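# Commentary on secondary and tertiary structure
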Amino acid sequence: NWVKLFGLGVLIVFFLVSCSKPMEEMDAAKAAVEAAINEGADIYAGQELEMLQDDLTAALDSVDAKSKKFFKSYGDAKEMLAAVTTKAQELKAAIPAKKEEAKNAAMAAMDEAKAAVEEAKMLLADAPKGKGTRADIEAFTSDLLGLEGMMPEIQAKIDGEDFFGASESAIVIKEKAAGISEQIKLAMEKVKKR
């Protein structure tokens, strides 16, 4: 009888252990996703992070659904959680490269903005100066000084690792400088036609 009871006890313990929620796997998956977010996945890999969070939610929902059943088997859920953990670790490892890529893009955008401002300044220096163009030249000069004054802000954003904000600011400056250059060219064409 003791052997039967011992055997039954072992079976019950095994059944209870196999039916318990995979808390360790759940915690590992959540921690891995959180680590990816802390590395900057929400900024530099938004889509991938969103997919990862969807996978985590699906895995947790699977665990909840299986926990409501009488005979619980968490094999599929454990696999899903392990996959989430692996993907999150891979994403975290990829963030430094994505950050460097964003930084390089911001630096390139800043260089393009500087070049556009310099081109506009050179065109302005060659612009015909006369009675009818003085007000325009003063306005363009003022606009270009304002654009030059915005350049340190871009560098500050880059230094603060706001690479996307720096790129956006640089694009705005480049477009405004290009617009000024276009207006100067049109004014020069008008003078040539006279």
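Just above, that's the structure.
So, here's what we can say about the structure. (Residues numbered from 1 in each chain as written. Predicted model: local features only at pLDDT ≥ 70, side-chain atom pairs only at ≥ 80, totals over all residues. Heavy atoms only, no water.)

## Describing the overall build of the protein chain
- Within the protein chain, the secondary structure is distributed over 7 helices and 0 strands.
- Listing each helix as α and each strand as β along the protein chain from the N terminus yields α-α-α-α-α-α-α.
- Residues counted as buried form 30% of the 194 residues belonging to the protein chain.
- Taking contacts inside the protein chain between residues at least 6 apart in sequence as the whole, the part at least 24 apart equals 75%.
- Looking at the protein chain as shown, the accessible area adds up to about 12600 Å², and 59% of this sits on carbon and sulfur atoms. (Helix = DSSP H or I, 4+ residues; strand = E, 2+ residues; numbered from the N terminus. Buried < 20%, exposed > 50% of the residue type's maximum accessible area, 1.4 Å probe, protein only. Contact = heavy atoms within 4.5 Å. Areas by Shrake-Rupley, 256 points an atom, 1.4 Å probe, with all protein chains shown as cover.)

## Re helix α4 (residues 46-67)
- Compared with an ideal rise of 1.5 Å per residue, which puts 22 residues at 32 Å, α4 spans 31 Å between its outermost C-alpha atoms and is within 8% of the ideal.
- For α4, every residue scored as buried is listed here: Leu49, Leu52, Leu56, Ala59, Leu60, Ser62, Val63 and Lys66. On an axial view of α4, the arc spanned by its buried residues comes to 150°, and they lie on one face. In this structure, α4 carries Gln47, Glu50 and Met51 as exposed residues pointing more than 90 degrees from its buried face.
- Elements that come into contact with the buried residues of α4 comprise α2 (23-39), α3 (41-44) and α5 (75-126). (Expected span 1.5 Å × (residues − 1). Arc of directions from axis to C-beta.)

## Points about the packing of α2 against α5
- Interaxial distance between α2 and α5 falls to 8 Å at its minimum, and their mutual angle equals 15°. Relative to α5, the element α2 lies roughly parallel. Considering the relative orientation of α2 and α5, their crossing is left-handed. Packed against α2, whose contacting residues are Glu25, Met26, Ala28, Ala29, Ala32, Val33, Ala35, Ala36 and Glu39, the element α5 presents Lys78, Leu81, Val84, Thr85, Ala88, Gln89, Leu91, Lys92, Ile95, Pro96 and Lys99 at the interface.
- Among the residues forming the contact of α2 with α5, the class breakdown is 13 nonpolar, 2 polar and 5 charged. (Axes fitted to C-alpha atoms, helices over the stretch in contact; angles between N-to-C directions. Parallel < 35°, antiparallel > 145°, perpendicular 65-115°, else oblique. Left-handed = near helix turned anticlockwise from the far one by under 90°. Nonpolar A, V, L, I, M, F, W, Y, C, P; charged D, E, K, R; others polar.)

## Focus on the pattern of salt bridges
- This structure, assessed with the given rule, holds 7 salt bridges.
- With a shortest N-O distance of 3.1 Å, Lys98 and Glu48 are connected by a salt bridge. In this pair, Lys98 sits in helix α5 while Glu48 sits in helix α4, placing the two residues 50 residues apart along the sequence.
- In this structure, Lys185 and Glu119 form a salt bridge, with 3.9 Å as the shortest nitrogen-oxygen distance. Taken together, the residues Lys185 in helix α7 (residues 163-193) and Glu119 in helix α5 connect sequence positions 66 residues apart.
- Take Glu119: its relative accessible area is 40%, and that puts it in the partly exposed class.
- By sharing partners, the salt bridges in this structure join Glu118, Lys121 and Glu148 into a single network. (Salt bridge = Lys/Arg side-chain N within 4 Å of Asp/Glu carboxyl O.)

## Focus on the packing of aromatic side chains
- In this structure the tally under the stated criterion is 2 aromatic pairs.
- A centroid spacing of 6.4 Å and a plane angle of 45° characterise the contact between Tyr44 and Phe163, whose relative ring orientation is tilted. Of this pair, Tyr44 sits in helix α3 while Phe163 sits in helix α7, and the two are 119 residues apart along the sequence. Here the two residues Tyr44 and Phe163 agree in accessibility, since each one is buried.
- Consider the rings of Tyr44 and Phe164, whose centres lie 5.7 Å apart with planes at 40°: the pair is tilted. With Tyr44 in helix α3 and Phe164 in helix α7, the pair connects residues that are 120 residues apart, well separated along the chain.
- Tyr44 gets classed as buried once you look at its relative accessible area, which sits at 11%. (Phe/Tyr/Trp six-rings, centres within 6.5 Å; stacked < 30°, edge-to-face > 60°.)

## Concerning the nonpolar core
- Counting 46 residues, the largest nonpolar core has Leu81, Leu91, Ile154 and Ile184 as the members making the most contacts within it.
- Broken down by element, the residue count for this core peaks at 16 residues, all from α5.
- Beyond its immediate sequence surroundings of up to four residues, Ile184 is in contact with Ala120, Leu123, Leu124, Ala127 and Phe140. (Core = buried A, V, L, I, M, F, W, Y, C linked by side-chain atoms within 4.5 Å.)

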